[in-house]
Amino acid sequence: MTIDDIRDNFALLEDWDDRYRYVIELGRTLEPLPEAEHSPENKVQGCVSQVWLSKKLERDGDDVVLKYRGDSDAHIVRGLVAILLTLYSGRKPHEILATDAIEIFDEFGFREHLTPQRSNGLRSMVERIRNDARTALATA
């Protein structure tokens, strides 16, 4: 699934109850995160819910690619993680830094439909991934 698929599906759903159900369904598609990866170093700080992002660096020729797996103890947040991973996982650091996830989430209408705490958590997740990309570029 691509972000364009998610965008198209979102456009078909006019009611926010249906959109929330869709986000929860996206969360159910995440690959299970092994218990060992529910670790303090993978935990995202700044989220009210518990969120873990596990990062793996892979080489793609001369480039580095960041691959992520994620999980949350909250259904909606797990869905937000699924959308973020669709945007960022498997991408090169410069692609991650060129992609404004908050703008895309705003396009979907999340700014008006997430609590301030969830919005802050989303920003924390995005910043964590962007920091990983900056670190990968600096050490490449």
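Residues numbered from 1 in each chain as written. Predicted model: local features only at pLDDT ≥ 70, side-chain atom pairs only at ≥ 80, totals over all residues. Heavy atoms only, no water.

K.L.:
Mind showing me how you'd approach the packing of helix 3 (residues 75-88) against helix 5 (residues 101-108) here?
P.N.:
Two measures define how a pair of helices packs: the angle their axes make with one another and the distance between the axes. Viewed as axis vectors pointing N to C, helix 3 and helix 5 meet at an angle of 125 degrees, and their least axial separation amounts to 11 Å. When the interaxial angle is binned, helix 3 and helix 5 end up oblique. Of the two possible hands of crossing, helix 3 and helix 5 adopt the one that is right-handed. For the pair formed by helix 3 and helix 5, the contact residues are Leu80, Ile83, Leu84, Leu87 and Tyr88 on the first element and Ala101, Ile104, Phe105 and Phe108 on the second. In terms of residue class, the contact of helix 3 with helix 5 is made up of 9 nonpolar, no polar and no charged. (Axes fitted to C-alpha atoms, helices over the stretch in contact; angles between N-to-C directions. Helix = DSSP H or I, 4+ residues; strand = E, 2+ residues; numbered from the N terminus. Parallel < 35°, antiparallel > 145°, perpendicular 65-115°, else oblique. Left-handed = near helix turned anticlockwise from the far one by under 90°. Contact = heavy atoms within 4.5 Å. Nonpolar A, V, L, I, M, F, W, Y, C, P; charged D, E, K, R; others polar.)

K.L.:
Is there a simple way to think about helix 3 in this case?
P.N.:
Residues lying three or four places apart along an α-helix face the same way, a consequence of the helix completing one turn every 3.6 residues. With 14 residues, helix 3 extends 20 Å from end C-alpha to end C-alpha; this agrees with the ideal 20 Å at 1.5 Å per step. The buried count for helix 3 comes to 13 of 14 residues, which makes it a mostly enclosed element. The first or second residue beyond helix 3 is Gly90, which carries a positive phi of 85 degrees. (Expected span 1.5 Å × (residues − 1). Buried < 20%, exposed > 50% of the residue type's maximum accessible area, 1.4 Å probe, protein only.)

Scope: geometric values only; no functional claims are made or implied.
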